[in-house]
Amino acid sequence: MLYRETGQFKTSYAADQAVFPIRQDRIGLALILLVAFLLVPVFGSSFFLNTMMIPFLVFSLATIGLNLLLGYAGQLSLGTGAFMGVGAYACYKLATIFPDINILVHTLLSGLFAAGIGVLFGLPSLRIKGFYLAVATLAAQFFLDWCFNRLPWLYNYNPSGAIEVPTRMLFGVALTGPNATPVTRYLVLLTLVVVMTWIASNLVRGWIGRSWMMIRDMDIAAELIGVRPLPTKLLAFAVSSYYCGVAGALMVFFWLGAAEPPSFSINTSFQVLFMVIIGGLGSLAGSFMGAAFIWILPVLLRALPEMLGVTIAAATVEHVSLIVIGALIIVVLIVEPHGCARLWQTAKQKLRTWPFPY
Amino acid sequence: MRQRAIGEVILAVEDVSLRFGGVRAIADVSFDIRAHEIRAIIGPNGAGKSSMLNVINGFYRPQEGRIVWKGQAHRAMRPYLAASTGIARTFQNIALFKGMTVLDNLMSGRTLKMRRGFFWQALRYGPALEEEIAHRRRVEEIIDFLEIEHIRKVPVGRLPYGLQKRVELGRALAMEPELLLLDEPMAGMNLEEKEDMSRYILEVNEQLGTTIALIEHDMSVVMDLSDRIVVLDHGQLLADGPPEVVSRDPAVIEAYLGVAH
Ligand SMILES: Nc1ncnc2c1ncn2[C@@H]1O[C@H](COP(=O)(O)OP(=O)(O)O)[C@@H](O)[C@H]1O
Ligand SMILES: [Mg+2]
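Scope of this entry: the structure provided in the associated data block. (Residues numbered from 1 in each chain as written. Chains lettered and ligands numbered in written order. Predicted model: local features only at pLDDT ≥ 70, side-chain atom pairs only at ≥ 80, totals over all residues. Heavy atoms only, no water.)

Moving on: the environment of Ala314 of chain A. Along the chain, Ala314 of chain A falls in helix H13 (residues 314-335). Expressed as a C-alpha distance, the spacing of Ala314 of chain A and Arg302 of chain A, which sit 12 residues apart in the sequence, is 8.3 Å. (Helix = DSSP H or I, 4+ residues; strand = E, 2+ residues; numbered from the N terminus.)

Let's shift gears to unusual backbone geometry. A negative phi angle is the norm for most residues apart from glycine, just as the trans form is the norm for most peptide bonds. Residues and elements named next belong to chain B. Notably, Lys70 is not glycine yet its phi reads approximately 50°, a positive angle. One can find Lys70 in the loop between strand S4 (64-69) and strand S5 (72-74). Even without being a glycine, Glu184 presents a positive backbone phi close to 50°. Considering the arrangement of structural elements, one finds Glu184 in the loop between strand S7 (179-183) and helix H7 (191-208).

Attention shifts here to the site of ligand 1. All names here are of chain B. The local shell around ligand 1 consists of Phe20, Val23, Ala25, Pro44, Asn45, Gly46, Ala47, Gly48, Lys49, Ser50, Ser51 and Tyr60. Ala47 places a main-chain nitrogen or oxygen 3.2 Å from an oxygen atom of ligand 1. With respect to ligand 1, the side chain of Tyr60 contributes an N or O atom lying 3.0 Å from a nitrogen atom. About the coverage of ligand 1: the protein hides 63% of its 560 Å² of free accessible area. Looking at the shell around ligand 1, the elements with two or more residues in it are strand S2 (23-34) and helix H1 (49-56). Per element, the largest residue contribution to the shell around ligand 1 is 3 residues, and it comes from H1. (Near = heavy atom within 4 Å. Polar contact = N/O pair within 3.5 Å; in protein donor to acceptor, adjacent residues only side chain to side chain. Areas by Shrake-Rupley, 256 points an atom, 1.4 Å probe, with all protein chains shown as cover.)

A few words on the sheet that holds S2 of chain B. Residues and elements named next belong to chain B. Strand order across the open sheet formed by 4 strands is S2-S1-S4-S5, with antiparallel pairing between neighbours. Every other strand in the sheet has two partners, leaving S2 and S5 as the edge strands with one partner each. Pairwise comparison of adjacent strand axes, ignoring direction, gives a mean angle of 20° for this sheet. Contacting strand S1 (9-20), S2 and S4, H1 crosses the sheet at an angle of about 120° to S1. (Pairing = 2+ DSSP bridges. Axes fitted to C-alpha atoms, helices over the stretch in contact; angles between N-to-C directions. Contact = heavy atoms within 4.5 Å.)

Residues and elements named next belong to chain A. Taken together, Ile27, Leu29, Leu31, Leu33, Leu34, Val35, Phe37, Leu38, Leu39, Val42 and Phe43 make up a surface patch of nonpolar side chains, about 1,000 Å² in accessible area. The topology assignment puts Leu34 in helix H2 (residues 23-43). Judged by relative accessible area, Leu34 falls into the partly exposed class, the value being 48%. (Patch = residues over 30% accessible without salt bridge, like charges linked within 9 Å, V, L, I, M, F, W, Y side chains within 5 Å. Salt bridge = Lys/Arg side-chain N within 4 Å of Asp/Glu carboxyl O. Buried < 20%, exposed > 50% of the residue type's maximum accessible area, 1.4 Å probe, protein only.)

Looking now at the interface of chain B and chain A. Listed by partner, the interface residues are 34 residues for chain B and 30 residues for chain A. When chain B packs against chain A, the two sides together hide about 3,100 Å² of surface, and 65% of this comes from carbon and sulfur. Together, Phe97, Phe118 and Arg124 of chain B form the three largest contributors to the area buried by chain B at its contact with chain A, with a combined 19%. Two residues, Arg210 of chain A and Glu132 of chain B, come together in a salt bridge whose shortest N-O distance is 2.9 Å. At the junction of chain B with chain A, the criterion picks out 8 residue pairs in polar contact (both at pLDDT 80 or more). When residues of the side of chain B that touches chain A are traced back to their parent elements, those giving at least two are helix H2 (79-84), helix H3 (102-108), helix H4 (118-123) and helix H5 (127-145) of chain B. The dominant element in the side of chain B that touches chain A, judged by the number of residues it contributes, is H5 of chain B, at 5 residues. Of the residues that constitute the side of chain B that touches chain A, the class distribution is 17 nonpolar, 6 polar and 11 charged. (Buried area = accessible area lost by both parts, 1.4 Å probe. Nonpolar A, V, L, I, M, F, W, Y, C, P; charged D, E, K, R; others polar.)

Turning our eyes to something else, we now look at H1 of chain B. Residue and element names in this part refer to chain B. The buried count for H1 comes to 7 of 8 residues, which makes it a mostly enclosed element. Looking only at H1, the buried set comprises Lys49, Ser51, Met52, Leu53, Asn54, Val55 and Ile56. Phi for Gly58, located one or two positions after H1, is positive at around 85°.

Before going further, it helps to examine the coordination of the magnesium ion (ligand 2). Here the magnesium ion (ligand 2) is held by the protein donor atoms Ser50 of chain B (OG) and Gln92 of chain B (OE1), which lie 2.1 Å from it. Placement of Ser50 of chain B in helix H1 and of Gln92 of chain B in the loop between strand S6 (87-89) and H3 is noted, with a sequence separation of 42 residues between them. (Donors = N, O, S within 2.8 Å, 3.2 Å for Na, K, Ca; no water.)

Here's what the structure looks like:
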């Protein structure tokens, strides 16, 4: 009824290759963008933006980064947190060494440093696969963790060991630092995430994305078709780490305002990995769903008793929400091991044929 | 009828030997393949047929001998070299990209032909999109030819075996090879599927002039399709010639019927 392909004949391969070939999907996307760019900034409270939307966007970007590597190219990495850290520290150094260059330029450049480090630690992927590769990236995680702790140059010899975000302006508006409003930070973040998601979706639909998936599904056959495994895998590491690096820089400059090494620890790596798995391996839309599931849901659950006017001890709320989230993760994975994205696909398929499935 | 007559030797295998530890998979074998012909390779299980195709497209490196491909002598081929100079193949145990759709599997065969780099791919606009659509058009022709329109958007992992074999042929065709290596393309198929597959192979050879090296166990298919037959047994060359000669060769008959009687 509402969700139908009928009457929408694809008249060219170009139309068939669009991201959202079905009109209802395009309208859906337009609505989401409208809400995200207009309604959220106008009606969203600072609390809502700071604790839900801004972190959600940061993690969505990191999840897309890891998904490109794991979901598309099939290379397991546990170094996401560290690659985010490289982006964050690179951005901090760039912003303090070149204070006159716009912070957005620094943010985008900082991803390049993460990409370089990512390629370096991706080199073993030529020889080792699966869990062994994961262990190699774990080494990267611990080594970089150590660097963030032990190289005072990285945090400008700040006695606290933390990096603190300086105020940076664009057209007289504070983008970062204590004076930047949540709405400004949210809008900058949203714009970057939308553009980078669009680029990722372009990459995965072309030959680059296909050669990643070829390596993922059967590297030997890929090689016999002429795809060279090393450059292909390294490109996946580079692009993935770039996304994670930019996410890390955004995390510090547009969300936390200051950061210490624990922000980029193995816990962050695992958190992003959960987001990829819950959202759906090899799905960009799933990356957003995964980030929402793992980040927004707990915040909502914790806020729920207060919204309902019930008073429960904070510790109890914390524990209950952890239990609920854990249970939900297991339920989702049992119902659909391919994650939320596949659940959504199946639901749409049902809707398309409703009410006569046969 | 054949558009192009059988021509010069396009590939020559010269004195090739291949060992795996103590196992001699191929022992001092020489034969050649002429342009536009269908060349069958037959022999009992374990004779070294698949290994021979692996040597030809560079997946195995023989210890001795050489391969002359389009006038160039190689100690051993390389997968990338083979793919980029016009050799494509299918596998005995299907080697498709299981998580990708039929369409993407066929498009993957076009990878080496796509020129637009990272920047254009990131934008997927202008030249990159034009290129993608041009290749999509070619792939759609192959999809029509193989009659798999209805499963274009299905991940190949969900398809039945017979269709997977067909998709794998499609992926090899998408590379527009000069030499197509087919490793038991009809194994495990019913009669109707075999007839379809034979028709596709014949049409590819006749219409496009593609040279084909074919491993097949069904002798009636081999007799129908092939111009010349190589017979391998225990890694050795047992016979080489046109179907009517090879099928009367006493050594071949014995190898096939066994020594039980
Ligand atoms: N990768 C390999 N490692 C070890 N032995 C192999 C390998 N590939 C083939 N062989 C051996 O080489 C011989 C020929 O195998 P194969 O070429 O697959 O025969 P066919 O395709 O004619 O049935 C067999 O004895 C097989 O066990
Ligand atoms: Mg074989």
